[in-house]
Amino acid sequence: MKSAFVRVSGLALLLASTAAAAASPAGNKPVPTAAPGAGSPPLNAFAATVEEINVCTRGNLADRGSLRDVTLTSKARDGKERALKLKLFWKPVKDTGEARLNVRVTEPKDLAGSSYLLVRSEGQEQIYFYLPAANKVQQVSGDDLNRPLWGTDLSYTDLKQLQGLAANGTTKRINDTVIAGRAHYVLETQLADAAPQYATLRTYVDQQSCVPMRSDFLDGSGKLVKQLQADAATLSELSPYWFVTHYAMKDLARNSETQIELSDIYLLERLSEKNFAPATFYLKNE
Amino acid sequence: MATAAPADTAARRGSLAAWIAERPRLIVVLITLLSLAALLQLVDFREQRLRLTVDASLDPMIAPNLPAQPVDDIVHARFGAADDAVLVLLQAADVYSPAVLRQLDELSRALAALPGVAEVQSLTRVPLPRGGDGQLSLRRLKPSEFDDAALIAALRRSLDADPLLRGQLVTLDGRSAAIRVALSTRSDRDTLESGVAEAIRQTAHRFDGPDLSIAVTGMPIVRDATSRAVLDQLGWTVPAIVLVLAGLLALAFRSWRGVWLPLLTISLALLWTMATLSASGRPLNLITSLVPPLLATMGLAYCAHVLTDFEALLREPRIRDRSKRIEHLLRDVTGPVVLTGFTTGVGVLALVTNDLPAIREFALLSSLGVVYTVLLVLTFVPAMLGLTTRRTPRQPLPADRLFRNGSAMIGRFDVVNRRRILWVASAIGVAAVLLATRIDVGDRFVGAFSAGSEVRRDYERVNTALGGVTPLSILIDGAVPELFLEPESLQELDALQAWLRQQPGVGTVTGITDHLRSLNRLLTGSDVAALPDSRELTSQLLFFGDTDTLSQLIDSDRQSTLINLRLTIDDTAEIGDLLARIEQRLQQLPKSMHAQASGEAVLMTQSVHAVTSGQLQSIALALGVIYLCLAIQFASPWVGLLASLPTLLQTALYFGALGLFGVKLNASTSLVECLVLGLAVDDTIHYLSRFNTAARRTASETTAAVSALQAVLRPITLTKAILAAGFLVLTTGELQNQVLFGWLAAFTLACAWLVDVFVTPAFISGVRVVTLWDSLRLNLGANVQGTIPLFAGLSSREARIFALMSRVEVVPAGVLIIREGDPGGDIFIVIDGKLAVWTYRDGERVVLNQHKRGGVVGEAGYFGQKRMANVETLSKTRLLRFDDADQELICRRYPRIAARIFLNMNRIQAERRARDTAMPAT
């Protein structure tokens, strides 16, 4: 009954932003590159405020057009696995830096050509999707941001919160912790939305890289219901950016799991604007 | 050795009785120490709490290994639990009015904030589709929008047009709104302990008012209310039973002793039983909680038997010594009490074959309680009677004359009208069996509450307004992955759903095709909610529209799907009929689909059937074991069967009554018979035991039948009244199945009383029974087969049975037992002593013959002639006497023994003719 397609943009946004730190010119062997001007000044770990930590986190985002392949492998309650392959086009608005995103499904075959478009304008998100079988573009909006989507364990809010892109709620810094020998900030956000599944998000941000390495989603009673875990072995630095290329999201209530594999990123300096226009985003415009 | 054994047994029994009778203080001290130990086990005095825990959930009531359980497990593993929700109904003149919408929103938020609530769905909590023409918005209705009449009207139109939402959140008439509350608790026990169901109920009913009416239902609410009602009832049932029974005892014995001693005894039995349960680490559950009332009523009934005997002995002038009186009491009651305890124990222990672990625990715990009760009744009660009785009462027992005269009158009536009573009993028995064939198996969970109860009222209101509460699912597996992306498969599912909607008892039906219709309309902007016409479109709609709700209906491979139904019925018999029809319809699906029903409704139905059939097996087993006991006691399979007939008649009457009054057979109603069977047979055994003794003493079955009734009418009336009163206390409860349980148990006990008082005496007055004990106790002397020619070829036991089926008479010397010229009749066999056969010849007495041990006299008369000589005892002589009727009886009961006796008699006659051709026959 409650459709979740409106949240796909959030996932794409996250994936794009996560991956954008490691990019290579299209058509060449991928070479990680940092966006000019990106990065953030080092923080005083003891005195850093929530805002400073969020700025530092956003400093890992790239600010140019790019393409990246993503594979989402979800494991359902009954143990069955299902893979979904996407192409993710990312190009912030040149002047304002506002996010624009085009997600195109390549596999499975029945879904090939299905596309999403997210554009942000003056802080407002506009989301469109395209159904090839109906040859129809539909603009959607909604406020149900906490439901899993695409048969995965990810929701828009999960990932948005993780990246600090749109932490809607009241965030405070609580006691730091050490995970696998690395110091982490711990941010606790009381979510503003009346989220049915969870009320609190606890984010563990690596102090050295400002990359969120773990997010715990807690329900009203403080019980852990979901967990997003970065694979620390894939944490890499391409100065001044840090990124992770493998995540696992576990839904403890549904007993399911989704693996997120991010491929190399290709910089597409001449990525057509048609990819981000509601009338043409679903066409092959590269 | 065979003759030594009974003497030893009797001696042992006697010495044990004497030992107990002579050491009442020691017995009381030992039992006090044991009881203190039990108390320490049961109560943690340091923490000031009971060590025994209580599990009041209905979890132990669900039978394991049901056929639908694997399907249900698959459904839960594959799609998650979705059907175990609480439904809150709001009814108002217009639920779309701003005031009602505010209350709906406030209530939804209040419910969502409750601990143990996982999710709340309502008109103000779920994103609702809005807009059109390339614009689609899925937003929750916000409080600021409640006053926007145009928006609300558009929303209503949108909801009514959506095949998925239509009638779900708000009914089409706009007068009822639903809130669906999903719980985060994992089991019934969790739900009960968290108190979430009760919290939801209380929170929701706070919104009841003149303009808004609330109803709360759903399986968690019904189960929670059931558990609480049972617990609540248990809290006062045992005290109420004790109070009622104390009154009965006071009335029956008119003495303090007659009240406090039985109450103290059952308290100790309960203490020991509960302490044992506590030591085992198991909690008291809803079924084992029936053990205390059962033990209370049964223990009081046992005490009533012993006290009645004791009161009679008190009035016996020949027994003045206290310890002798107790010894005498124990000799009288030990056999019947042990045997009745055994049969009661067997009645409940037969339940160990049941599928339900809780019923198996009940069987073990109650049979252990029976053992404790019997032990206390045979040790503590006599010891206390010995210690506390100082004076011999002068007054007879209350209503003594009434019972004495009444029993004599009824006994004579029974004997005189034996045939008529047996014909009537047979006719009733046959009618009962025929009526029993009309019994249906079934149970109602909401129907367990009275029509006026809140649980029932709310259930009915929600059922009517929302079209069903009881959940049922149909799991459909495809032969290949992605089968349910194909339009043809979807058409099949759609047709099946349409068929399901037409079935009586089916309220709502939701399946993947409803979602696809809704998604097709919303995502393609179509005006018509049609099924997608291509595999690709289906796939894409499911992809874009994927939600938790959708993943609870179709798996990721699109190979398996669920159709969810809500039924308006909760009677498992009706659900069983519906399931049979559904099963037939599912057979018509294409071979590429395999469908099975699952869910609460199926599990409930199968559980009732499994538990009921298990209990029927238990009843059959109990009857079999009781028959076996009686056959062993009476040393004959045939007599055992005859002695079991009153019990069988009582069982037939019970089931006949169920058939006559349309009462369904289920866990409660079959449990009644299982319990009452063990209790009702007790009095039959007491009666038969008395009858047997009286028959031996009086050598007349008819006299014995009356005499035995005189001895037992008072105690069996008292015990039946005690038991019936105990069960009738249950009829004041809230749960209708417990009320029915109480009435049926009382009815069955009344039937058992009628059978005991009228049918058993009438029946038994024509039956000569020989107990194993009698056969062991009868001493026919050494080498029976070698010294008594009539018994040649028989075993010692067979010889004793024949002897006991005949009559053993001890005749002093000089008594004429056969008079010349009289008509022939009886045959006499000399066991020991001496007889002279003589006649007068020419006025002088001529002794024709003398007979010692083994001699047979009177056989010529037996074959129809007149007596041709006199037979007189020369010394004190023990004779075995039998006539034609006895022979007939032996032929019927023990044909092998009868055949051997006839053969031996022919030999004896032939030898006598050969040897004494000149001698006149006697």
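Cut-offs and rules
Residues numbered from 1 in each chain as written. Chains lettered and ligands numbered in written order. Predicted model: local features only at pLDDT ≥ 70, side-chain atom pairs only at ≥ 80, totals over all residues. UniProt positions renumbered as here; feature names shortened; annotations may be inferred. Helix = DSSP H or I, 4+ residues; strand = E, 2+ residues; numbered from the N terminus. Buried ≥ 20, exposed ≤ 12 C-beta atoms within 10 Å, placed from the backbone. Contact = placed C-beta atoms within 7 Å. Pairing = 2+ DSSP bridges. Axes fitted to C-alpha atoms, helices over the stretch in contact; angles between N-to-C directions. Expected span 1.5 Å × (residues − 1). Parallel < 35°, antiparallel > 145°, perpendicular 65-115°, else oblique. Left-handed = near helix turned anticlockwise from the far one by under 90°. Nonpolar A, V, L, I, M, F, W, Y, C, P; charged D, E, K, R; others polar. Core = buried A, V, L, I, M, F, W, Y, C linked by C-beta atoms within 7 Å. pLDDT = per-residue confidence, 0-100.

Chain B has a UniProt comment under Subcellular location (unreviewed entry) that states "Cell membrane". On record in UniProt, under Sequence similarities (unreviewed entry), the comment for chain B is "Belongs to the resistance-nodulation-cell division (RND) (TC 2.A.6) family. MmpL subfamily."

Enquirer: Looking at this structure, how should I read the overall build of chain B?
Expert: The helix and strand inventory of chain B stands at 31 helices and 22 strands. In chain B, which comprises 922 residues, the share counted as buried stands at 50%. Sequence-distant contacts in chain B: of pairs separated by 6 or more residues, those separated by 24 or more amount to 80%.

Enquirer: Looking at this model, I keep getting lost on the sheet that holds strand 9 (residues 213-217) of chain B. Mind explaining?
Expert: Adjacent strands of a sheet form backbone hydrogen bonds with each other and so pair up, either parallel or antiparallel. All names here are of chain B. Across the sheet, which stays open at both edges, the 4 strands sit in the order 5-8-4-9 with antiparallel pairing between neighbours. Two strands lie at the open edges of the sheet, namely strand 5 (117-121) and strand 9, each paired on one side alone. Across the sheet, the axes of successive neighbouring strands diverge by a mean angle of 20°, strand direction being ignored. For strand 4 (residues 85-91) and strand 9, the ladder comprises 5 bridges, and the chain directions are antiparallel. Bridged to Leu 87 within strand 9 is Thr 217.

Enquirer: Is there a simple way to think about the sheet that holds strand 14 (residues 593-598) of chain B in this case?
Expert: All names here are of chain B. Here 4 strands make up an open sheet; going across it, the order is 12-13-11-14 and the pairing antiparallel. A single partner strand is all that each edge strand has here, and the edge strands are strand 12 (506-510) and strand 14. Recorded for the sheet is a direction-independent mean angle of 20° between the axes of neighbouring strands.

Enquirer: What's the story with the pairing of strand 8 (residues 169-179) of chain A in this structure? I'm lost.
Expert: The two faces of the sheet receive side chains in turn, since in a regular strand these alternate between them. All names here are of chain A. With 0 of 11 residues buried, strand 8 lies mostly on the surface of the structure. Bridge count between strand 8 and strand 9 (residues 182-191): 9 bridges; the pairing is antiparallel. Bridging from a neighbouring strand, Ile 174 pairs with Val 186 of strand 9. Hairpin remark: strand 8 followed by strand 9, antiparallel, with 2 residues in the connecting loop; positive phi at Ala 180, about 50°.

Enquirer: Can you help me understand helix 4 (residues 98-112) of chain B in this one?
Expert: It helps to recall that an α-helix has 3.6 residues per turn; residues three or four apart then point in one direction. Here helix 4 of chain B spans 21 Å end to end across 15 residues, near enough to the 21 Å set by a 1.5 Å rise per residue. Along its buried surface, helix 4 of chain B packs onto strand 4, strand 5, strand 8 (176-183) and helix 7 (196-205) of chain B.

Enquirer: Can you help me understand the packing of helix 10 (residues 291-314) of chain B against helix 24 (residues 701-728) of chain B in this one?
Expert: Packed helix pairs are characterised by how far apart their axes lie and by the angle those axes make with each other. Residues and elements named next belong to chain B. It is the contact of helix 10 with helix 24, at a shortest axis distance of 9 Å, that shows an interaxial angle of 165°. Viewed along their axes, helix 10 and helix 24 adopt a mutual orientation that is roughly antiparallel. As for the relative orientation of helix 10 and helix 24, their crossing is right-handed in sense. Contacts between helix 10 and helix 24 involve Pro 293, Ala 296, Thr 297, Leu 300, Ala 301, Ala 304, His 305 and Thr 308 from the former and Arg 714, Pro 715, Leu 718, Thr 719, Ile 722, Leu 723, Gly 726 and Phe 727 from the latter. Along the lines of polarity and charge, the residues of the contact of helix 10 with helix 24 split into 10 nonpolar, 5 polar and 1 charged.

Enquirer: What is the right way to look at the nonpolar core in this model?
Expert: Inside soluble globular proteins, nonpolar side chains tend to come together where they are buried. All names here are of chain B. By size, the foremost hydrophobic cluster in this structure holds 281 residues, and its most contacted members are Val 86, Val 88 and Val 181. Contact partners of Val 181, with chain neighbours within four places excluded, come to Ala 85, Val 86, Val 88, Leu 111, Val 117, Val 120 and Ile 200. Residues Phe 791, Phe 802, Val 857 and Val 871 belong to the second largest nonpolar core, which totals 32 residues.

Enquirer: Please clarify how the confidence of the model for chain A should be interpreted in this entry.
Expert: Parts of the model with low pLDDT should not have their predicted coordinates read in detail. In the predicted model, chain A carries a mean pLDDT of 72, and the fraction of residues at 70 or more is 69%. When the elements of chain A are averaged for pLDDT, strand 1 (residues 24-25) of chain A gives the smallest value, 32, and strand 10 (residues 200-206) of chain A the largest, 89.

Enquirer: Please clarify how the packing of helix 13 (residues 400-416) of chain B against helix 24 of chain B should be interpreted in this entry.
Expert: All names here are of chain B. The contact between helix 13 and helix 24 brings their axes to 8 Å, and the two run at 145°. Two packed elements cross with a definite hand, and for helix 13 against helix 24 that hand is right-handed. Judged by residue contacts, Phe 403, Arg 404, Gly 406, Ser 407, Ala 408, Ile 410, Gly 411, Arg 412, Asp 414 and Val 415 of helix 13 engage Thr 702, Ala 705, Val 706, Leu 709, Gln 710, Leu 713 and Arg 714 from helix 24. Residue composition of the contact of helix 13 with helix 24, by class: 8 nonpolar, 5 polar and 4 charged.

Enquirer: Where do I start with unusual backbone geometry in this structure?
Expert: Excluding glycine, a negative phi dihedral is what most residues carry, and trans is how most peptide bonds are arranged. All names here are of chain A. The omega angle of the peptide bond from Glu 107 to Pro 108 is 5°, so this bond is cis rather than trans. Among the secondary structure elements, Pro 108 is positioned in the loop between strand 4 (100-107) and strand 5 (115-121). Of note in the backbone geometry, Asn 135 takes a positive phi value of approximately 45° without being a glycine. Relative to the helices and strands, Asn 135 is located in the loop between strand 6 (124-131) and strand 7 (136-142). Of the residues examined, Asn 135 has 10 C-beta atoms within 10 Å and is grouped as exposed. The residue Cys 210 is not glycine, and still its phi comes out positive at about 60°.

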